[in-house]
Amino acid sequence: MYVFWSVILAAIGVIMIFNPKLFFDFTESWKSCTRSDPSDFYLLSTRLGGILFLSAGIAGIGVFVLM
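Below you will find a few notes about this structure.

Rules and cut-offs
Residues numbered from 1 in each chain as written. Predicted model: local features only at pLDDT ≥ 70, side-chain atom pairs only at ≥ 80, totals over all residues. Heavy atoms only, no water. Helix = DSSP H or I, 4+ residues; strand = E, 2+ residues; numbered from the N terminus. Buried < 20%, exposed > 50% of the residue type's maximum accessible area, 1.4 Å probe, protein only. Contact = heavy atoms within 4.5 Å. Phe/Tyr/Trp six-rings, centres within 6.5 Å; stacked < 30°, edge-to-face > 60°. Salt bridge = Lys/Arg side-chain N within 4 Å of Asp/Glu carboxyl O. Axes fitted to C-alpha atoms, helices over the stretch in contact; angles between N-to-C directions. Parallel < 35°, antiparallel > 145°, perpendicular 65-115°, else oblique. Nonpolar A, V, L, I, M, F, W, Y, C, P; charged D, E, K, R; others polar.

A few words on the environment of Leu44. Within the secondary structure, Leu44 sits in helix α3 (residues 40–66). Looking at Leu44, the relative accessible area reads 48%, which means it is partly exposed. The spatial distance from the C-alpha of Leu44 to the C-alpha of Met16 is 9.9 Å, given a sequence separation of 28 residues.

Take Thr46: it is sitting in helix α3. Those residues in contact with Thr46, other than ones at most four positions away along the chain, are Met16, Pro20 and Phe23.

Tallied over the entire structure, the rule returns two aromatic pairs. When the centroid spacing of 5.1 Å and the interplanar angle of 70 degrees are considered together, the rings of Phe4 and Trp5 count as edge-to-face.

Enumeration according to the criterion identifies three salt bridges in this entry. Among the ionic pairs, Lys21 bridges to Asp37, the shortest N-O distance being 3.8 Å. One end of the pair, Lys21, is in helix α2 (residues 20–27); the other, Asp37, is in the loop between α2 and α3, and 16 residues separate them in sequence. Note on Lys21: relative accessible area 30%, which makes it partly exposed. The salt bridge involving Lys31 is made with Glu28; its shortest N-O contact spans 3.3 Å. For Lys31, a relative accessible area of 53% translates into the label exposed.

Right, let's talk about the side chain of Ser29 for a bit. Relative to the elements of secondary structure, Ser29 occurs in the loop between α2 and α3. For Ser29, the residues in contact, after removing those within four places along its chain, are Phe24 and Arg35.

Where helix α1 (residues 2–18) meets α2, the axes come as close as 5 Å, and the angle between the chain directions of the two elements is 110 degrees. Judged on the interaxial angle alone, α2 and α1 are roughly perpendicular. Residue-level inspection shows Ile12, Ile15, Met16, Ile17 and Phe18 of α1 in contact with α2, the latter providing Pro20, Leu22 and Phe23. In the contact of α1 with α2, the residues fall into eight nonpolar, no polar and no charged.

Written as structure tokens, this is what we have:
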């Protein structure tokens, strides 16, 4: 079960790193009446968060493999 969640974390991390606009469309765009693009700071912080998600997913898989 931990491997499943680790893979999910890693997949979300990859989406956040390589396509932060898609992540914005799913999580934040519905909160605004106007259709606007995300700011540069949002894109940067989403990519950094994606790196953390990907790292956590890889670490989770690594811990399971080492057990």
